[in-house]
Every structure is written in C-alpha cells, then in structure tokens.
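Working through the structure, step by step
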Amino acid sequence: MKGIGHWRGNRLTAAASLLLGAMIGLLSVSAFRGMWEPDPVFPSPWLTRKAMLADYHPALKNTPGDTEVFVFEGGEPGGSLLVTGGVHANEAAGFMAALLLVENLKVEKGKVVVIPRANASAFTHSEPQEGSPQRYGIEVPGGVRSFRLGARLTNPVHQWPDPSLFRTPAGQIVAGAEARNLNRCFPGRPRGSLTEQVAWGILEVIRQEGIGLGIDLHESSPEYPVINAIVFHEKAAEMAAVAQMDLQFEGLDFRLEASPRNLRGLSHREWGDHGGIRALLLETPNPVQGRLKGRPTPELVVTGRDPFYLKAAGLGRLFIPYDTAGAPLSWRVARHLAAVEAILASLEEVEPDLAVAWSGLPEWRAVVEQGVGAFLRPGTGGGPRTDGGGGVAGQAGGGARRPPQPGRP
Amino acid sequence: MMLQLAYRLIVLCFAAFLVRYVWEEKNVWNQVGAAVVLVLFVLRAFLWK
Ligand SMILES: [Zn+2]
C-alpha cells in the first residue's frame, strides 16, 4: 500500500483529475436532464384543442408544474368528464390509460378533458432509494416506445424543503413530505407551493370547463387494502354502485370504497366538496411500487410478474388474486378503461342529461389480449394509425388473462 | 427558494475549496479522489438525485 502513496501528484495530474471530474459530471448531467423532457404524446386526430394547465392557472406558466390538457368535444351537447393520470407518476397504468384515451378518443357527445401527467414535476425524477428504473418500454406497431417511470411526489428540486408537518389546503395535518403529494394538496392554493398550485390548476380546469364528473386514475401496491377499487365521493355513490355491478358482469372484480369524509386533500374528496362534481378514483394493483417486490426492473413495470408477490399470494397476504400471470400493465390499463366506460354507462342511466359518449377506443379485452401498445401511436410520427395494430402483442404479455375470479384468496 | 440558493452557495464554496485542494495536493490518488467527491457533491446539490 505504501507504494501507492508515493505516486507524486503535480499540476498536470491535478488538471487531469479536474478534467476527468468535469467530464463525468457533464455526462451524468446530460443523462440526468434527459429525464426532464416529457415523453411525446400523439393525440388522436379528433382532438379539439390542446391546452396547458397554465391556461387555467396562469401562475403555473414556465414552471415544472405546467402540463398538457387535452380537450375533446363531441358534436352533440352533453356532460363533461375529466380524467387525470399521473397524479402519482410512479403509477404507470394511470398515466398509460390516460394516454390511451388521448391517442384514440373520438368524443361523440359532450366533452372529455384528459390530463395524462397531472403532476408533471413528479415525472422528472425517480422514486428515491428504490433502485427504480428510469424508463420502461412498450411495444407499439413498428417499434418500441419508451416512457418515464416517475415518482409519487413532486421533484424536491422543484419544491424544497419539506415542512416537518404539512397542513393540507383542506386543513388536515399530515407528514411533511406529503406537501409534495398532489393527492393530498387538493383543492390547492392559488399562491401556494408548486404542488398546491398544480392542484389549484386542476380545480380551475373543473370550474372553467364546467366538468360534471371526474375520474382520477391510480395504482397501489398489491398488499394495500384499497385496491382493485372504485373510491367514490358520496355524490357519485349511486353511479359507482351501478358501474361496479356492470363490471362484475364483465368478469372484472372491483370493490367499492366510500371516500372517507375525514381524509382531506384527496381528489375523490375535494373535487366533490370544492369542485362540486361527482368524483371517483380508480386503483389497480402494481407490484413495482409495493414493499414486497424483488428487483425493480423495467420488465416488472410492464409484466407485473414478481416471485415475491407470488409467494405472498400463496401465504394469503394480498388483497387481490395474484398468480403466475402477474399483473401486466396492459391488464391494469384495461381495467381502468373498462371501469371508466362502466362509469360513463352508469352516468347515462343516472343522469341522462349529463351523459358523455365516445368511440375510437378498443374494447378492454382487446387491450388485455393485444397489449396496450397495439393501441398507441408509433413513437416516430404523429399521423393517424393505419390499422388496429393487429397481431402486435405488447411485451405486456398477451394471451389469455385471468378468468373472472371471486374475492380475495 | 432562498434556502435552496443558500444551500447551493455553500456547495459552491466547498467546491471551490476542493478545486484548490486538488490543485495543491501532492498525492495523485488524493487528487483523483477529491475530484470525484467534487463531482458527486456538485451534482447532488444541483440535480438532487
Ligand atoms: Zn396513487
């Protein structure tokens, strides 16, 4: 060891070390900054207009909280629906289901507003201390599209430091880091933190677009009790019940969860209380965000197949059925899609004047069988798809998905 | 915002100290080591990963 110490340094080696350091730095910076670029979205040709959240809440202009708002209007008058994905950017199926809407939707009646990356800042970093993959790939017709896997909370670079305790705009005291959790910041504050302003912006979308029904797309870990669930605000209770029955007939098991009145700051609570709309939140099971997972890989995001969850299911520790088929992203997206459609159908039953009707979307079973990628646009160009993407089974694992299964194991 | 600026200012001061250390140091391994610490420190402060 002594010999090593005798390597004499001089100004030349000093300059070389500093240069080496600067090069490592520059390389890391360019790789890292790549995460700050939002993945492109290719809206369907029937898009009415693309807005930004800052158009509804101007203070968000040129901030990392600004995000795309896609508006689809139908020829016939009707109700208006808001769908948000990416309120939690690590819940891939929420973002992906919203993206599927944006890239395929044709609204016939009423209006549909989709915000696929509700917390845009949360897409710019990864879940810390989890070894989270930065990206995952989805096979689309003619190639692979790569997407960012974000984090649950707003990027601390954009909102820092966290308070030791956070008083949500709705008045509940929660842990400090929740100040960066968009789904604790509703109904937002117009001059609050970045996350609170984003929440305020979404409430402004609800007000300015005259939204009547809001659906917030999420995922949760398979060991979390509120899963495979429709969480409903009391204003949407009847609709949620009708939708759940329809889904049950389709062979999709959903449980109903009433939004607790004393849990403040969440979309399904505050959109209803402050936005005055029927608010619902959907959950699908996502192993990559759970505590029991093995190695978090891009494949796990897409296949949802994890040996440790399989073991936990065998021990009866999960709240959902889970077998060797895993919980593929395509199946999770299909569940979101089926639930949104069932909710729209029940809206038509309960409030025919507020109905929204659309076309252009695949049947949920087709998303399971062909993979969600078959219904996304090829990453390279924007043009309309030439076919239904037949035959391209996403790596999301095509083939027959689980048959309908009763309750928990 | 002000806190973040102050934090970054402190990081820059420490970075300047490290640059000077590398420049003056007579042991080449210490030079390389300090240069790597310098990179990590600055990246951590400005990119926060
Ligand atoms: Zn969530």
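Since we're looking at a predicted model, the values are computed, not measured. (Residues numbered from 1 in each chain as written. Chains lettered and ligands numbered in written order. Predicted model: local features only at pLDDT ≥ 70, side-chain atom pairs only at ≥ 80, totals over all residues. Heavy atoms only, no water.)

The next thing to look at is helix 2 (residues 28-46) of chain B. Here helix 2 of chain B spans 27 Å end to end across 19 residues, near enough to the 27 Å set by a 1.5 Å rise per residue. Within helix 2 of chain B the residues assigned to the buried category are B:Val28, B:Gln31, B:Ala34, B:Ala35, B:Leu38, B:Val39, B:Leu43 and B:Ala45. Angularly, the buried residues of helix 2 of chain B cover 165° about the axis, an arc narrow enough to put them on a single face. On its buried face, helix 2 of chain B sits against helix 2 (11-33) of chain A together with helix 1 (2-24) of chain B. The residue sitting at the N-terminus of helix 2 of chain B and contributing the capping side-chain oxygen is B:Asn27; that oxygen lies 2.7 Å from the backbone nitrogen of B:Trp29. (Helix = DSSP H or I, 4+ residues; strand = E, 2+ residues; numbered from the N terminus. Expected span 1.5 Å × (residues − 1). Buried < 20%, exposed > 50% of the residue type's maximum accessible area, 1.4 Å probe, protein only. Arc of directions from axis to C-beta. Contact = heavy atoms within 4.5 Å. Polar contact = N/O pair within 3.5 Å; in protein donor to acceptor, adjacent residues only side chain to side chain.)

Turning our eyes to something else, we now look at the coordination of the zinc ion. All names here are of chain A. All of the protein donors around the zinc ion are His 88 (ND1), Glu 91 (OE), Glu 91 (OE) and His 218 (ND1); their distances to the metal are 2.1 to 2.3 Å. Each donor residue of the zinc ion belongs to the same chain, with the gaps between them written as H-x2-E-x126-H. Linking Glu 91 in the loop between strand 3 (76-84) and helix 4 (92-104) with His 218 in strand 9 (residues 213-220), this pair joins segments that are 127 residues apart in sequence. Considered together, Glu 91 and His 218 belong to a single accessibility category, that of buried residues. (Donors = N, O, S within 2.8 Å, 3.2 Å for Na, K, Ca; no water.)

Taken together, the 26 residues of chain A in the interface contact 23 residues of chain B. Regarding the contact of chain A and chain B, the summed buried area is about 2300 Å², with carbon and sulfur atoms giving 71% of it. Between the two partners, chain A and chain B, sit one salt bridge. We note a salt bridge from A:Arg11 to B:Glu24, for which the minimum N-O separation is 3.8 Å. Linking chain A with chain B are five residue pairs in polar contact (both at pLDDT 80 or more), by the criterion used here. (Buried area = accessible area lost by both parts, 1.4 Å probe. Salt bridge = Lys/Arg side-chain N within 4 Å of Asp/Glu carboxyl O.)

Over its 23 residues, helix 2 of chain A runs 32 Å from end to end, which matches the ideal 33 Å to within 8%, given 1.5 Å per residue. Summarising the contacts, the buried residues of helix 2 of chain A are in contact with helix 1 and helix 2 of chain B. Where helix 2 of chain A begins, the capping side chain belongs to A:Asn10, and its oxygen is found 2.9 Å from the backbone nitrogen of A:Leu12.

Next up on the list: the packing of aromatic side chains. Residue and element names in this part refer to chain A. Scanning the model with the defined rule gives nine aromatic pairs over all chains in all. Ring geometry for Tyr 309 versus Tyr 322: centroids 6.1 Å apart, planes at 55°, classification tilted. A residue pair is termed long-range when its members are at least 10 positions apart, and Tyr 309 in helix 9 (residues 307-314) and Tyr 322 in the loop between helix 9 and helix 10 (329-350) qualify at 13 residues. This pair shows no difference in class: Tyr 309 is buried, exactly as Tyr 322 is. Here the aromatic cluster, defined as three or more aromatic residues joined through ring pairs, consists of Phe 95, Phe 123, Tyr 136 and Phe 147. (Phe/Tyr/Trp six-rings, centres within 6.5 Å; stacked < 30°, edge-to-face > 60°.)

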